[in-house]
Amino acid sequence: QVRLVESGGGLVQAGGSLRLSCAASGSIFSINAMGWYRHTPGKQRELVAAITSGGSTDYADSVKGRFTISRDNAKNTVYLQMNSLKPEDTAVYYCNAEVVWLRNRQPNTFWGQGTQVTVSS
């Protein structure tokens, strides 16, 4: 099995910064894309940022220029640096990874448990 564990959420004032981390562990052969999604009650879960194994990135328009996604392949970890935070960034942030299982060399998608980010005005 594979487990994704997020950390780094919390409460911050508008204009502040937070850094989220997500570490994957378990029966991992390799990891393809990794990403961060967020969910606010009453809205659909939305993609915030994604990064391929080669380092190519993609961002939601609402966070471009403020958030940066990165990864450490040796540590099976993905990061999300969030700067200039706004109250509308308040959400539960979920880590996502497409992991190639060690057991059968097949890709499967896994999710973290979520971490709350609250931005006060």
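Computed from a predicted structure; not experimentally measured. (Residues numbered from 1 in each chain as written. Predicted model: local features only at pLDDT ≥ 70, side-chain atom pairs only at ≥ 80, totals over all residues. Heavy atoms only, no water.)

1. What about the pattern of salt bridges?
Consideration 1: A full pass over the atoms with the stated rule returns 4 salt bridges.
Consideration 2: Among the salt bridges present, the one from D89 reaches R38, with a minimum N-O distance of 3.0 Å. Pair noted here: D89 is in the loop between β8 (77-82) and β9 (91-101) and R38 is in strand β4 (residues 28-39), with a separation of 51 residues, a long-range link.
Consideration 3: Between R66 and D89 there is a salt bridge, with its nearest N and O atoms 2.7 Å apart. (Salt bridge = Lys/Arg side-chain N within 4 Å of Asp/Glu carboxyl O. Helix = DSSP H or I, 4+ residues; strand = E, 2+ residues; numbered from the N terminus.)

2. Describing the packing of aromatic side chains
Consideration 1: Scanning all chains against the criterion turns up 2 aromatic pairs.
Consideration 2: When the ring of W101 is compared with that of F110, the centres are 6.0 Å apart and the planes differ by 20°; the resulting orientation is stacked. Summarising the burial analysis for this pair, W101 and F110 share the class buried.
Consideration 3: The residue whose ring lies beneath R19 is Y79, and the NZ or CZ to ring-centre distance is 4.1 Å.
Consideration 4: The ring of Y94 carries R45 above its face, with NZ or CZ at 4.0 Å from the centroid. (Phe/Tyr/Trp six-rings, centres within 6.5 Å; stacked < 30°, edge-to-face > 60°. Buried < 20%, exposed > 50% of the residue type's maximum accessible area, 1.4 Å probe, protein only. Lys NZ or Arg CZ within 6 Å of the ring centre and 35° of its normal.)

3. Notes on the nonpolar core
Consideration 1: W36, L80, M82 and Y93 are the most contacted members of the largest nonpolar core, which totals 32 residues.
Consideration 2: Looking at this core, the element that brings in the most residues is β9, giving 6 residues.
Consideration 3: Once you skip the residues sitting within four places of it in the chain, M82 turns out to touch G16, S17, L18, L20, R66, F67, Y93 and V117. (Core = buried A, V, L, I, M, F, W, Y, C linked by side-chain atoms within 4.5 Å. Contact = heavy atoms within 4.5 Å.)

4. A look at the state of the cysteines
Linking two cysteines covalently via their sulfur atoms produces the bond known as a disulfide.
Consideration 1: Scanning the entire structure with this criterion turns up 1 disulfide.
Consideration 2: Here C22 pairs with C95 through a disulfide, and the sulfurs are 2.0 Å apart. Handedness here is read from the sign of the S-S torsion; for C22 and C95, about -80°, the answer is left-handed. In this pair, C22 sits in strand β3 (residues 18-26) while C95 sits in strand β9, placing the two residues 73 residues apart along the sequence. Grouping residues by exposure puts C22 and C95 together as buried. (Disulfide = S-S within 2.5 Å.)

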